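Residues per chain are reported as follows:
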Amino acid sequence: MQTVMVLNYIWIAFFLIAFVIALVKLVFMGDYDVFPAMMDSTFASSKTAFEISLGLTGVLALWLGIMKIGERGGVVNVLARLLSPVFVKLFPEIPKGHPVTGSIFMNIAANMLGLDNAATPLGLKAMEQMQTLNTRKDTASNAMIMFLVLNTSGLTIIPVSILVYRAQMGAAQPTDVFIPILLATFFSTLAGVVVTSLYQRINLFSRTLLLTLGGACLTIAAVIWGFSQLEGDMMNRVSTTVANILLMTIIVGFIVAGMRKRVNVYDAFIEGAKDGFDTAIRIIPYLVAILVGIGVFRASGAMDMLIGAIGKAVEASGLNSDFVGALPTALMKPLSGGGARGMMVDAMTTYGADSFVGRLSCVFQGSTDTTFYILAVYFGSVGIRYTRHAVACGLLADLAGILSAIAICYMFFG
């Protein structure tokens, strides 16, 4: 509910600020084109939102169908078992063998696979089970906060929706942001785990955590070092090739997993694909609302003024300001997933899907999750009023994701 109100205020601000700036331009600068431009943008943005949503239908149907096969084939359960030793160390308050452990593992695994429809119910179930262990019913427990941070840091193996949007916006290689997103979301999750562990005095030097986190860091460092040895064009070519091989391997792997479980993979695919059509239709009003608001804000000149001011401040500090155009996506992401998605689409529309800003906005979108929305939904479901350090840890994870996304995009696309 809090997130809905925040987005409501932001949406109103888009129109009011745009109107005031346009009025000033008309009265004091004699700019008679600003109001017609704003009205034209409302029609153009509405049309763009509908065309994007309609164009998403086929690809969403494809991927949600594949995801349903993986879900039925037990891939989520396999990931849950693999992650079990690590999560036992991260949630020391939860008794060994408690049923909530399974729900936590299933939720995290579903998030990693991009199974949002499965992840949310599992997350709510896990929160309810943790509440039964909570001695202070109106205050978030340590286990609840760690669980929330793991969700808000947005660790995702398959950023399906972002790749779909890039394809719809005409990117030459929609998957070229795949590896950068994986790297950025890793750093976001790592930062979230470390900061929350420090707050909760969890021993990060235990053998299991040290091996897991240390091994993951070494792997990521090796990936970054390997790509840094390549020239720009070759780096993009290798990144895109690896991403496509991984995605095709995942598709085939899900199908094989379904076959091993004797799942009717065709029926499972059709069931998931039906959800793709429903999802594409559902997002139309949300995408229209946010794109119209952004379009009016941009047509009035307000967006250029904002980005220009930030750009000058960055340049004054001696830094490269190429990333500034993508910042609206990063700033919106903790508040609203739909709003950030609109900012991402606007960036690709304005600068081009294959521009530095267009790609960076996609990596911002994939580097973290919607912090305040997750806090509101999960804590609200069990009546938590006092969130303790959850907001601080979630936002620090977001900041780590944003900074790493900028650095990684300069390395890959700069």
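A quick note: this is a predicted structure, and the numbers were derived from the prediction, not measured.

## Re the pattern of salt bridges
Part 1 of the argument: Tallying each qualifying case throughout the model produces six salt bridges.
Part 2 of the argument: Across the pair D176 and R166 runs a salt bridge whose closest N-O atoms are separated by 3.1 Å. Of this pair, D176 sits in the loop between α7 (160-168) and α8 (178-200) while R166 sits in helix α7, and the two are ten residues apart along the sequence.
Part 3 of the argument: Looking at R166, the relative accessible area reads 0%, which means it is buried.
Part 4 of the argument: Note that R298 is salt-bridged to D304, the shortest N-O span being 4.0 Å.
Part 5 of the argument: Sharing partners across several salt bridges, the network here consists of R166, D176, D354 and R359.

## Examining the packing of α8 against helix α15 (residues 356-367)
Geometrically, a packed helix pair is captured by the angle between its two axes and the distance between the axes.
Part 1 of the argument: Running from N to C, α8 and α15 point in directions that differ by 40°, and their axes come no closer than 8 Å. One way to sum up the angle between α8 and α15 is to call them oblique. Read as a crossing pair, α8 and α15 show a hand that is right-handed. Counting all contacts with α8, which are made through P180, I181, A184, T185 and S188, the residues of α15 involved are C362, V363, G366 and S367.
Part 2 of the argument: For the contact of α8 with α15, the class distribution of residues is five nonpolar, four polar and no charged.

## Examining a nonpolar patch on the surface
Part 1 of the argument: A contiguous nonpolar patch, built from F19, V20, L23, V24, V27, F28 and M29 and spanning about 730 Å² of accessible area, is present on the exposed surface.
Part 2 of the argument: Considering the arrangement of structural elements, one finds F19 in helix α1 (residues 2-29).

## Quick notes on unusual backbone geometry
Part 1 of the argument: Residues other than glycine seldom take positive phi values, yet R262 does so here, at roughly 60°.
Part 2 of the argument: Relative to the assigned elements, R262 resides in the loop between α10 (232-260) and α11 (265-299).
Part 3 of the argument: Here R388, not a glycine, exhibits a phi torsion of approximately 55°, which is positive.
Part 4 of the argument: Inspection of the secondary structure assignment puts R388 in the loop between α16 (371-381) and α17 (390-413).
Part 5 of the argument: In this structure R388 comes out as partly exposed when scored by relative accessible area, which is 45%.

Parameters and conventions
- Residues numbered from 1 in each chain as written.
- Predicted model: local features only at pLDDT ≥ 70, side-chain atom pairs only at ≥ 80, totals over all residues.
- Heavy atoms only, no water.
- Salt bridge = Lys/Arg side-chain N within 4 Å of Asp/Glu carboxyl O.
- Helix = DSSP H or I, 4+ residues; strand = E, 2+ residues; numbered from the N terminus.
- Buried < 20%, exposed > 50% of the residue type's maximum accessible area, 1.4 Å probe, protein only.
- Axes fitted to C-alpha atoms, helices over the stretch in contact; angles between N-to-C directions.
- Parallel < 35°, antiparallel > 145°, perpendicular 65-115°, else oblique.
- Left-handed = near helix turned anticlockwise from the far one by under 90°.
- Contact = heavy atoms within 4.5 Å.
- Nonpolar A, V, L, I, M, F, W, Y, C, P; charged D, E, K, R; others polar.
- Patch = residues over 30% accessible without salt bridge, like charges linked within 9 Å, V, L, I, M, F, W, Y side chains within 5 Å.
- Areas by Shrake-Rupley, 256 points an atom, 1.4 Å probe, with all protein chains shown as cover.

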